Amino acid sequence: MGGWAEGDPVGDRVFLDLPAFRPERGGVLPSVRVAYETWGTLAPDASNAVLVEHALTGDSHVAGPAGPGHPTPGWWDGLVGPGAPLDTDRFFVVCANVLGGCQGTTGPSSLTPDGGRWGSRFPEITVGDQVRVEAALADALGISRWACVVGGSMGGMRALEWAVAVPDRVARLLFLASGAVATADQIGTQTTQQAAIRADPRWAGGDYDPADPPVAGLGVARRIAHLTYRSALELDARFGTRVQDDGRFAVASYLDHHADKLAGRFEAGSYVLLTEAMNSWDVGRDRGGIEAALARVTARSVVAGVDGDRLYPITQQQQVADGLGVPLQVISSPFGHDGFLIETRAVGALLRDLLA
Ligand SMILES: CC(=O)SCCNC(=O)CCNC(=O)[C@H](O)C(C)(C)COP(=O)(O)OP(=O)(O)OC[C@H]1O[C@@H](n2cnc3c(N)ncnc32)[C@H](O)[C@@H]1OP(=O)(O)O
Ligand SMILES: N[C@@H](CCO)C(=O)O
């Protein structure tokens, strides 16, 4: 299907410094740094730009190997590159680390002007705030209208917010494995994850020592989250009741592994802040409700979900598809929510159709 290959041109992570930013719920960030990567070449009229929005623990590194500033290989590696669905011979692909994140964009682990870390002083942020920062990035890059905005899960929220907040700036939209508003189930599992982090004494109210972070709490949060990202059937088929030589249930060992990996690459402060932004997500707030908000969208849209997704059930994408007046595309996958990351062939086919 194409995709990034050794030797292909890839953008290094670059930074844009923005002036003071006022989040909608109060407070002020005296400056905001945005870390982003690009692939391909921007057309002289800037008409070929595609914005890719990463999910909760993702970053700007959509494609390419792991490296400095990219703790993991590209999370949609096969989808970006010459001849790939996001064909870098045609498109200029942009992905920025989200406001509040921890892979180069300003977040709770960033330094304040007084030289300390933001920690608990970091203001509450919303998905709308995150998109306003991305709009400033688009302005700086000279992109007045995206050829396409693409996102899954938390990235789907930002993609939809773009298409609703500034419809004239989004020509096409791929909304994947996400919802128009947080559900009680999502808020419940995410606040439980936050509670696990807060219960770690190292959390210190959010002002933890960066040399001794609350990895135990973050690890428990990831275990809970990871269970919601996969399906019960898949886990049972893979691990069943198997006990490893080290005495651990195989599934517990698998979750330990994912907990350790996340704790090694992610900040607990960003985890709490970003899950709270997801908890407050409601595209219809202050817009007369979800239906009225979706009616603002002018982008040619594809809405897709994963059939076994227990976290963002397909009914949530059906609501968005109905509101946008498009058919719902269902990706069949045993993996559940993580299907949006794993089923790149199916996602690629949707992208090719949308961008044809
Ligand atoms: C846009 C974004 O969201 S970006 C962020 C996405 N990336 C991540 O979240 C990174 C964490 N990983 C994941 O969430 C998922 O692994 C995905 C979606 C990326 C990939 O899913 P899959 O390919 O199905 O991988 P899977 O969940 O099976 O995990 C494989 C890992 O588990 C390990 N593993 C499997 N069984 C066991 C076990 N019994 N004990 C310990 N480890 C185990 C494998 O060795 C492998 O380790 P590695 O990733 O260090 O190589
Ligand atoms: N594995 C994804 C799932 C959230 O959508 C992540 O960690 O971002």
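Computed from a prediction, not measured in an experiment: that's the story for all the values here.

The subject of this paragraph is the pattern of salt bridges. Scanning all chains against the criterion turns up 17 salt bridges. Between R202 and D212 there is a salt bridge whose closest N-O contact spans 2.7 Å. Within this pair, whereas R202 is found in the loop between α3 (184-198) and α4 (215-229), its partner D212 is found in the loop between α3 and α4, the two being separated by ten residues in sequence. The exposure class assigned to R202 is partly exposed, which follows from its relative accessible area of 42%. The residue D246 makes a salt bridge to R248 at a minimum N-O spacing of 2.8 Å. Of the residues examined, D246 reaches a relative accessible area of 46% and is grouped as partly exposed.

Moving on: the sheet that holds strand β10 (residues 328-331). Read from one edge of the open sheet, eight strands run β1-β2-β6-β3-β7-β8-β9-β10, paired in mixed fashion. The open sheet has two free edges, formed respectively by β1 (14-18) and β10, since each of these has just one partner strand. Strand-to-strand twist of the sheet, defined as the mean angle between neighbouring strand axes without regard to direction, takes the value 25°. With four bridges connecting them, strand β2 (residues 32-39) and strand β6 (residues 92-96) associate as antiparallel partners. Counterpart to T38 in the pairing with β6 is V94.

Turning our eyes to something else, we now look at the site of ligand 2. Close contacts around ligand 2 come from A55, L56, T57, S153, R222, Y229, H337, D338, F340 and L341, and that covers them all. With respect to ligand 2, the side chain of T57 contributes an N or O atom lying 2.5 Å from an oxygen atom. Interatomic distance of 3.0 Å between a side-chain N/O atom of H337 and an oxygen atom of ligand 2. When isolated, ligand 2 has an accessible area of 260 Å², and the protein chains bury 93% of it. Applying the majority rule of atoms within 2 Å of the grid points places ligand 2 in the largest pocket. Going through the elements one at a time, α4 and α10 (339-342) are the ones with two or more residues in the shell around ligand 2. Considering only residue class, the shell around ligand 2 consists of five nonpolar, three polar and two charged.

The next subject is unusual backbone geometry. In this model, A46 sits at a positive phi of 55°, which is unusual for a non-glycine residue. Tracing the sequence through the fold places A46 in the loop between β2 and β3 (49-53). Its identity as a non-glycine residue notwithstanding, D286 has a phi of 65°, on the positive side. Here D286 lies in the loop between α7 (268-279) and α8 (290-294). Under the relative-accessibility criterion, D286 is labelled exposed at 74%.

Next up on the list: the UniProt feature "binding site: substrate" (unreviewed entry) in the protein. Within this structure's numbering, the places UniProt gives as "binding site: substrate" (unreviewed entry) are R222 and D338. Across 117 residues of sequence, these annotated residues stay compact in space, with a maximum C-alpha separation of 13.5 Å. Taken from the residues named earlier, the lining of the largest pocket is made up of R222 and D338. Mapping R222 onto the fold places it in helix α4. In this structure, R222 is in contact with T57, Y229, H258, A259, L262 and R265, ignoring residues within four places of it in sequence. Here D338 lies in the loop between β10 and α10. Residue contacts for D338: discarding those within four places in its chain leaves H226, Y229 and R230.

Turning our eyes to something else, we now look at the layout of surface pockets. Of the pockets and cavities examined, the largest pocket occupies roughly 750 Å³. Contributing to the lining of the largest pocket are 33 residues, with T57, R222, R265, D338 and L341 lying nearest its centre. For the lining of the largest pocket, the secondary-structure elements that each account for two or more residues are α3, α4, α6 (250-265), α7 and α10. Counted by class, the lining of the largest pocket contains 15 nonpolar, twelve polar and six charged residues. Structurally, the lining of the largest pocket is a two-domain feature, drawing no fewer than three residues from each of domain 1 (14-181 + 282-355) and domain 2 (185-278).

Moving on: the domain arrangement of the protein. When the domains of the protein are assigned, the result is domain 1 (14-181 + 282-355) and domain 2 (185-278). Residue-level contacts link 37 residues of domain 1 with 29 residues of domain 2. Interface of domain 1 and domain 2: buried area, both sides summed, is about 2,700 Å²; carbon and sulfur atoms make up 57% of it. The tally of links between domain 1 and domain 2 comes to three salt bridges. The salt bridge partner of E267 is R117, with a shortest N-O separation of 3.3 Å. Remark: the boundary between domain 1 and domain 2 carries twelve residue pairs in polar contact (both at pLDDT 80 or more). Within the residue set of the side of domain 1 that touches domain 2, elements represented by two or more residues are α1 (127-141) and α2 (154-165). Taken together, the residues that form the side of domain 1 that touches domain 2 break down as 19 nonpolar, 14 polar and four charged.

Scoring rules and cut-offs
For every chain, the first residue of its written sequence is number 1, and the numbers climb from 1 along that sequence. For this description, chains carry letters from A and ligands carry numbers from 1, given in the order in which they are written. Local features in this predicted model are restricted to residues whose pLDDT is 70 or higher, and side-chain atom pairs enter the listing and the counts only when it is 80 or higher, whereas totals over whole chains, interfaces and linings include all residues. In computing side-chain properties, one takes all heavy atoms of the structure into account and sets aside hydrogens as well as water. We define a salt bridge as a contact between a side-chain nitrogen of Lys or Arg and a carboxyl oxygen of Asp or Glu at a distance within 4 Å. Secondary structure elements follow DSSP: runs of H or I of four or more residues count as helices, runs of E of two or more count as strands, with numbering from the N terminus. Remark: exposure states derive from per-residue accessible area (1.4 Å probe, protein chains only) relative to the maximum for the residue type, with buried under 20%, exposed over 50%, and partly exposed in between. Only when DSSP finds a minimum of two bridges between them are two strands counted as paired. What counts as an axis is a line fitted to C-alpha atoms, over the stretch in contact for a helix, and the angles between N-to-C directions run from 0 to 180 degrees. Each residue is tested against the molecule or strand, and it is near if at least one of its non-hydrogen atoms lies within 4 Å. Residues adjacent in sequence count toward polar contacts only when both atoms are side-chain atoms; beyond that, a polar contact is any pair of N or O atoms within 3.5 Å, and within protein one must be able to donate a hydrogen and the other to accept it. Throughout, the Shrake-Rupley method with a 1.4 Å probe supplies accessible areas, and for residues the shown protein chains are the sole cover considered. A 1.4 Å probe that fits but cannot get out identifies a cavity on a 1 Å grid over protein atoms alone, an open set with protein on both sides within 12 Å along at least five of seven lines counts as a pocket, and a residue lines either if it has an atom within 4 Å of a point. Assignment to a cavity or pocket requires that more than half of a molecule's atoms be within 2 Å of the site's grid points. When residues are sorted by character, Ala, Val, Leu, Ile, Met, Phe, Trp, Tyr, Cys and Pro go into the nonpolar class, Asp, Glu, Lys and Arg into the charged class, and all the rest, Gly among them, into the polar class. UniProt positions are given in the numbering used here, feature names are shortened, and annotations may be inferred rather than shown by experiment. Residue contacts are defined here by distance: any two heavy atoms, one from each residue, within 4.5 Å place the two residues in contact. Grid points are joined across faces, edges and corners, and a volume is the space filled by probe spheres set on the points. Boundaries of every domain are those given by an automatic assignment or by a domain database. Buried area is understood as the total, over both parts, of accessible area removed when two parts are fitted together, assessed with a 1.4 Å probe.

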